[in-house]
Amino acid sequence: MVSPTSAHACGIDFGTSNSTVGWLRPQQATLLPLENGKPTLPSVVFFNAEDDTVRFGRAGLQDYLDGHEGRLMRSLKSLLGSSLIDGITEVQGRPLRFRDLLTQFIATLKERAETEGQRAFEQAVFGRPVHFVDDDSAADRLAEATLGEIARAVGFKELSFQYEPIAAAFYYETSLSREEVVLVADIGGGTSDFSIVRLSPERARAVDRWSDVLANDGIHIGGTDFDKQLSLAEVMPLLGYRSQLKSGREIPASVYFNLATWHTINFAYTRQVWTEQQRLHLDASTPEMLERLLALISDRAGHWLAHQVEQVKIALSHHETATLSLERFAPGQQQLLTRCQFDLSAQVLVEKIEGTVARLLPEAGLTAAGIDTIFFTGGSSGIPLLRQRIASLLPQARAVEGDLFGSIGAGLAVDAARRYGMGH
């Protein structure tokens, strides 16, 4: 039975890599289990061609990695604010609108949350990045409007939006016993978002918190961009990227950029690409590299390789070395990668993120000494170089790590209770 003091509304963190749903209720975990008892549902859809089913989350990714025929879609959130959202892709010979793909995923989040909560949710606070699209306010507004339309289409009657780093701040605030000025560093799969917020147990009681938000900024760089740069620097060269033809010209790069980017991998599987790569193979000065590329395309192993790169990135965030396997399309082939190589590939991205944080201080009217705490959240906030660089901008602030995948969903639940109230 639903407790009489449970929140009316839920909080939904639709993330580039993982999604969560939070619901405030007494003496129970805020995040609802969404897959096999886990609070995160990876933002993945797999269309299984063998049994004509649609699978979500870890189950979909596992089907794909197990070698089932079909189409894998990831990084769905990055479609918002892009021209692709109104585009059409083909799945098992049938046209599918990208908008409908997002609708299916958001509907699944709602259904799973309702099953776990044993109640219907008609009100929700959705998280959103500070910028869906950098430097284009019209596209940004359109992205939020599109997400709102999709949420209403799946049955939410009342909804509002909250910046993801502010939601994370509300989650952190529940642990405080005194006032702090906090920089929330939310580095997710698709965006890096920052807020400077004044938090305290007393302020937490207020419904309107905008006077406590001192500054906000964000940049469209996240975990998938770190994957892409590591792939282009260290993995795609194993398949011929930056190698030469016998004429001395460099091999065209577009197929490698497509394979290094989650939502464009399928572009590498067209007949035109296959024909072009076979022609280049004949003229390559290192044909064995192009043979690996042709084997990958033939086996449609692009998402598999991207998954290996992502796992290596995660491993290099905790260890000095990691081994990348090419086993699926190049038996016996593997490559040792180092933290140093990862740092070099990430350098430009880290500098851009660092610049975003540096701009935030004058906007808030503060010096570095005015920040008490850096609250790190988001799956990519564990990247050591990134953490060091942000911490070095604020040497007096203490660093606190939140639930990397759950802080935003839990904070959105706190905000949802504040906005829509408690009760049945």
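Up top is the structure.
Below: a short report on this structure. (Residues numbered from 1 in each chain as written. Predicted model: local features only at pLDDT ≥ 70, side-chain atom pairs only at ≥ 80, totals over all residues. Heavy atoms only, no water.)

## Focus on the sheet that holds strand β10 (residues 158-163)
Read from one edge to the other, the open sheet built from 5 strands follows the order β3-β2-β1-β9-β10, with strand pairing classed as mixed. Whereas interior strands pair on both sides, the edge strands pair on one side only; in this sheet they are β3 (41-42) and β10. Sheet analysis places strand β2 (residues 18-22) next to β3, joined by 2 bridges and oriented antiparallel. Looking across to β3, one finds that Ser 19 is bridged to Leu 41. (Pairing = 2+ DSSP bridges. Helix = DSSP H or I, 4+ residues; strand = E, 2+ residues; numbered from the N terminus.)

## Here we look at the sheet that holds strand β12 (residues 192-199)
Judged by pairing direction, the sheet is mixed, and its 5 strands sit side by side in the order β13-β12-β11-β16-β17 without closing on themselves. Looking at strand neighbours, the two that pair on one side only are β13 (213-219) and β17 (398-401), the edges of this open sheet. Strand-to-strand, the axes of this sheet are offset by a mean angle of 20°, without reference to chain direction. In terms of strand pairing, β12 meets β13 through 6 bridges, oriented antiparallel. Each residue of the ladder has a partner; that of Phe 194, found in β13, is Asp 217. Sheet strands touched by helix α4 (residues 164-173): β11 (180-187), β12, β13, β16 (373-377) and β17. Its angle to β12, the strand with the most contacts, is close to 45°. (Axes fitted to C-alpha atoms, helices over the stretch in contact; angles between N-to-C directions. Contact = heavy atoms within 4.5 Å.)

## Re the nonpolar core
Core analysis: the biggest nonpolar cluster contains 70 residues, and Leu 183, Phe 194, Phe 226, Tyr 256, Leu 305, Phe 329 and Ile 390 have the highest contact counts within it. The element contributing the most residues to this core is helix α10 (residues 339-364), with 9 residues. Not counting the four nearest positions on each side in its chain, Phe 226 is found in contact with Ile 221, Lys 313, Phe 342, Ala 346, Leu 349, Val 350, Ile 353, Ile 383 and Leu 386. Residues Val 45, Phe 98, Ala 107 and Ala 151 belong to the second largest nonpolar core, which totals 42 residues. (Core = buried A, V, L, I, M, F, W, Y, C linked by side-chain atoms within 4.5 Å. Buried < 20%, exposed > 50% of the residue type's maximum accessible area, 1.4 Å probe, protein only.)

## Section: unusual backbone geometry
Despite not being glycine, Asp 135 shows a phi value in the positive range, around 55°. Along the chain, the position of Asp 135 falls in the loop between β9 (123-128) and α3 (137-153). A relative accessible area of 83% places Asp 135 in the exposed class. Here the phi dihedral of Arg 300 falls at roughly 50°; this positive angle occurs in a residue that is not glycine. Assignment of secondary structure puts Arg 300 in the loop between α8 (287-299) and α9 (302-316).

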